[in-house]
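What follows is the residue order along each chain.
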Amino acid sequence: MESVIEIAHLKKSFGSNEVLKDINLKIEKGENLVVFGKSGSGKSVLIKCLVGLIDPNGGEITVLGKNLNEVKGKALNELRKKIGFLFQSGALYDSMTVRENLEFPLRDLSKPKEETDALVLEALQNVGLEEAIDKMPSELSGGMRKRIGLARTLILKPEIILYDEPTTGLDPITSKEISELILAVQKKYNTASIIITHDVECARLTANRMMILKNGTAAAEGTFTELSQSNDNEIRAYFQ
Amino acid sequence: MISSLKIFFEEAGTLTHFTLRFFKELFIPRYEFKEFIKQAYLIGYKSFPLIAVTGFIMGLVLTIQSRPTLMDFGAESWLPAMVAVSIVREIGPVITALIFAGKVGSGIGAELASMKVNEQIDAMEVAGNNPFKFLVVTRIAAATLMLPILVIVADAIALYGSYIGCNLQGDVSFPLFFLQVIEKLSFADIFPAIIKTFFFGFAVALIGCYKGYYAKNGTQGVGEAANSAVVYSSLAVFIIDMMAVQITNLL
Ligand SMILES: Nc1ncnc2c1ncn2[C@@H]1O[C@H](COP(=O)(O)OP(=O)(O)OP(=O)(O)O)[C@@H](O)[C@H]1O
Ligand SMILES: [Mg+2]
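Residues numbered from 1 in each chain as written. Chains lettered and ligands numbered in written order. Predicted model: local features only at pLDDT ≥ 70, side-chain atom pairs only at ≥ 80, totals over all residues. Heavy atoms only, no water.

So, the overall build of chain A
- Within chain A, the secondary structure is distributed over nine helices and 10 strands.
- Oriented by its inertia axes, the alpha-carbon framework of chain A measures out at about 55 × 40 × 35 Å.
- Looking at the 240 residues of chain A, the share that counts as buried comes to 52%.
- Sequence-distant contacts, at least 24 apart, represent 68% of the contacts inside chain A between residues at least 6 apart.
- Element-wise, carbon and sulfur atoms account for 48% of the exposed surface of chain A, whose accessible area totals about 10800 Å². (Helix = DSSP H or I, 4+ residues; strand = E, 2+ residues; numbered from the N terminus. Buried < 20%, exposed > 50% of the residue type's maximum accessible area, 1.4 Å probe, protein only. Contact = heavy atoms within 4.5 Å. Areas by Shrake-Rupley, 256 points an atom, 1.4 Å probe, with all protein chains shown as cover.)

Here's what the structure looks like:
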């Protein structure tokens, strides 16, 4: 199998706060990796390192064959277009309509208008929110914002998607819909994903493999069944 | 003491870097022309009513306040010319720039800070869209070009206010007022005064963008950014004005 992300000996601290100590991780094409970890354990920091939003203090990150320590400027932007990032907060552009939000990532590609319109429509159909196209983000509910955020992430047809808590703060039914959406995207576009979540149900549905982040390292790795039936009480506690 | 010096120099360093990045990104394509126009509309056109009202009051009040002193010297006929010179050289540009700092500087600071706090700037960054170009370059360019226009408008309205002021207690016909003003105003009054407003506009937007772009996380960061944008850009207006006076005197 071909791996799309390779992380070796990744370290990151903020001042004296050592957040990531020694992370080693490989993700294969088409694979969903779910990451569990307590609040503040550095999950968001980990995926922000993968897109160069946070500069690590040490270690190597290779994404789609490119070493992140070496790509800069234009090449980094090219690489970033192949990675989708769903922010914990959705991060919709407040001053733009849903349509403009979705068109924004496409702006550098200078596609003809019909093609842009078709892509916007496809992305909205994927998340089942075609009717929201002319709304402003402030008019959307929390769950709708998450789904529009997801649509904006999908519009560039990324090879890798990083989901930061896609279901947090949503009711169980909407959560399930989002989890199924993640699964559908994986099937449809054969993307590799890292999914950060606290939601056991979401993990059960989407995970091919799981990792538990604790004290800056991977405390455990395995499938959902392996970890949820672990002999270690501390590991099992994440699944209650 | 040492640590606050260190913070000062660090801040000066990032601000310099920020400024240089503006000039670099201003000239390399792609050009965000559409967003520039939108910002010029929001920054320039939307500030127009406020600037017009303050300009009018400025001219009117200055005229009314100057009259008694000039009357003591028996120089009442100098009123239009004297007020015109003060407005065009100094009061028009500086007051307009300060109002601009209060409205536009704080607006930019708060807007970018809230985009930063809500990870919208990060989202542009990770999508490979250059947020600096889209958000910062357009706003600074728009403010730099709009403030001089606003100042010219404010000056004109202030002079009209002054004409009304002259007629409250005296009697000057508009042609006479106009002639007296034109006679006294030279190119050397107008030109440097307009040139410095480009720098005022640049400084206000630069500081607003800088404070917003590097806002600390949390809602508190938004308030702080808006507040310090106004404080520092007003200060910058005075400092630039002082330097401009020195330079014009040398010439
Ligand atoms: N930009 C930053 N500057 C300083 N410290 C930071 C920064 N970003 C994160 N941290 C610190 O890194 C640690 C991990 O943060 P992170 O956001 O990755 O947590 P998390 O695992 O995503 O938690 P949650 O589940 O609550 O989202 C925290 O202690 C946080 O204070
Ligand atoms: Mg997080």
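Focus: the coordination of the magnesium ion (ligand 2)
Residue and element names in this part refer to chain A.
- All of the protein donors around the magnesium ion (ligand 2) are Ser-44 (OG) and Gln-88 (OE1); their distances to the metal are 1.9 to 2.6 Å. Taken together, the residues span a long stretch of sequence, with Ser-44 in helix H1 (residues 43-50) and Gln-88 in the loop between strand E6 (83-86) and helix H3 (98-103) at a distance of 44 residues.
- Under the relative-accessibility criterion, Gln-88 is labelled partly exposed at 35%. (Donors = N, O, S within 2.8 Å, 3.2 Å for Na, K, Ca; no water.)

Considerations on the interface of chain A and chain B
- Each partner contributes residues to the interface: chain A has 22 residues there, and chain B has 14 residues.
- Summing both partners gives a buried area of about 1700 Å² for chain A against chain B, and 49% of it is carried by carbon and sulfur.
- Inspection of the chain A/chain B interface yields four salt bridges.
- For the side of chain A that touches chain B, the residue count by class is 12 nonpolar, three polar and seven charged. (Buried area = accessible area lost by both parts, 1.4 Å probe. Salt bridge = Lys/Arg side-chain N within 4 Å of Asp/Glu carboxyl O. Nonpolar A, V, L, I, M, F, W, Y, C, P; charged D, E, K, R; others polar.)

Focus: the packing of helix H6 (residues 131-169) of chain B against helix H7 (residues 174-184) of chain B
All names here are of chain B.
- Where H6 meets H7, the closest approach of the two axes is 11 Å, and the angle between their N-to-C directions is 125 degrees. By the angle class used here, H6 and H7 are oblique. As for how H6 packs across H7, the hand of that crossing is right-handed. Packed against H6, whose contacting residues are Leu-159, Tyr-160, Ser-162, Tyr-163 and Cys-166, the element H7 presents Phe-174, Phe-177 and Val-181 at the interface.
- When the residues that make up the contact of H6 with H7 are grouped by side-chain class, the tally is seven nonpolar, one polar and no charged. (Axes fitted to C-alpha atoms, helices over the stretch in contact; angles between N-to-C directions. Parallel < 35°, antiparallel > 145°, perpendicular 65-115°, else oblique. Left-handed = near helix turned anticlockwise from the far one by under 90°.)

With respect to the site of ligand 1
Residues and elements named next belong to chain A.
- Ser-39, Gly-40, Lys-43, Ser-44 and Glu-165 are the nearest of the 14 residues found near ligand 1.
- Lys-43 is positioned with one of its side-chain polar atoms (N or O) 2.8 Å from an oxygen atom of ligand 1.
- With respect to ligand 1, the side chain of His-198 contributes an N or O atom lying 3.2 Å from an oxygen atom.
- Considered on its own, ligand 1 offers 630 Å² of accessible surface; in the complex 62% of this is hidden by protein.
- Looking at the shell around ligand 1, the elements with two or more residues in it are strand E2 (17-28) and H1.
- Of the residues forming the shell around ligand 1, the biggest block, three residues, is contributed by H1.
- For the shell around ligand 1, the per-class residue count stands at three nonpolar, eight polar and three charged. (Near = heavy atom within 4 Å. Polar contact = N/O pair within 3.5 Å; in protein donor to acceptor, adjacent residues only side chain to side chain.)

Quick notes on the sheet that holds strand E1 (residues 3-14) of chain A
All names here are of chain A.
- Sheet architecture is open: four strands sit in the order E2-E1-E4-E5, paired in antiparallel fashion. Two strands close off the open sheet at either side, each with one partner strand: E2 and strand E5 (66-67).
- One ladder, built from two bridges, connects strand E4 (residues 58-63) with E5; its direction is antiparallel. Bridging across to E5, Val-63 finds its partner in Lys-66.
- Sheet contacts for H1: E1, E2 and E4; angle to E1, the most-contacted strand, approximately 120 degrees. (Pairing = 2+ DSSP bridges.)

Some words on the layout of surface pockets
- In this model, the largest pocket occupies a volume close to 1400 Å³.
- Around the largest pocket, the lining is made up of 43 residues, and of these Gly-73, Asn-77 and Arg-80 of chain A together with Arg-21 and Glu-125 of chain B lie nearest the centre.
- When residues of the lining of the largest pocket are traced back to their parent elements, those giving at least two are E4 and helix H2 (73-80) of chain A together with helix H1 (2-27), helix H5 (120-126) and H6 of chain B.
- The greatest single-element share of the lining of the largest pocket, amounting to six residues, is contributed by H2 of chain A. (1 Å grid on protein atoms, 1.4 Å probe; cavity = no way out; pocket = protein on both sides within 12 Å on 5 of 7 lines; lining within 4 Å. Points joined across faces, edges and corners; volume = space filled by probe spheres on them.)

Describing the sheet that holds strand E10 (residues 217-222) of chain A
Residue and element names in this part refer to chain A.
- The six strands are arranged E6-E7-E8-E3-E9-E10 in an open sheet whose pairing can be described as mixed. The open sheet is flanked by E6 and E10, the only strands paired with a single partner. Across the sheet, the axes of successive neighbouring strands diverge by a mean angle of 15 degrees, strand direction being ignored.
- Of the pairings in the sheet, the one linking E6 to strand E7 (residues 160-164) comprises four bridges and is parallel in character.

Considering the side chain of Ser-106 of chain B
Residue and element names in this part refer to chain B.
- By the element assignment, Ser-106 lies in helix H4 (residues 79-117).
- Assessed through its relative accessible area of 18%, Ser-106 is described here as buried.
- Ser-106 has contacts with Ala-101, Ala-226 and Val-230, leaving out every residue within four places of it along the chain.

Some details on the side chain of Glu-31 of chain A
Residue and element names in this part refer to chain A.
- Counting through the fold element by element, Glu-31 comes out in the loop between E2 and strand E3 (32-37).
- Judged by relative accessible area, which is 12%, Glu-31 ranks as buried.
- Look past the residues within four positions of Glu-31 in its chain and what remains in contact with it is Lys-26, Gln-186, Thr-191, Ala-192, Ser-193, Asn-208 and Arg-209.

Considerations on empty space enclosed by the protein
- The tally for this structure, following the rule as stated, stands at two cavities of 30 Å³ or more.
- Estimates place the volume of the largest cavity at around 150 Å³.
- Around the largest cavity, the lining comprises 14 residues; the ones closest to its centre are Phe-85, Arg-152 and Thr-153 of chain A together with Ala-123 and Ala-127 of chain B.
- Secondary-structure elements contributing two or more residues to the lining of the largest cavity are E6 and helix H5 (142-154) of chain A together with H5 of chain B.
- No other element matches E6 of chain A, which puts three residues into the lining of the largest cavity.

Notes on the pattern of salt bridges
- According to the stated counting rule, one finds 26 salt bridges over all chains in the structure shown.
- Here Arg-107 of chain A and Glu-32 of chain B are joined by a salt bridge, their closest N and O atoms 2.7 Å apart. Remark: Glu-32 of chain B occurs in the loop between H1 and helix H2 (33-43) and Arg-107 of chain A occurs in the loop between H3 and helix H4 (113-127); the pair is interchain, linking two chains.
- Given a relative accessible area of 11%, Glu-32 of chain B falls into the buried group.
- The closest approach of N and O atoms between Glu-76 of chain B and Arg-67 of chain B, which form a salt bridge, is 2.6 Å.
- The structure contains a network of salt bridges with shared partners spanning Lys-81, Arg-107 and Asp-108 of chain A together with Arg-30 and Glu-32 of chain B.

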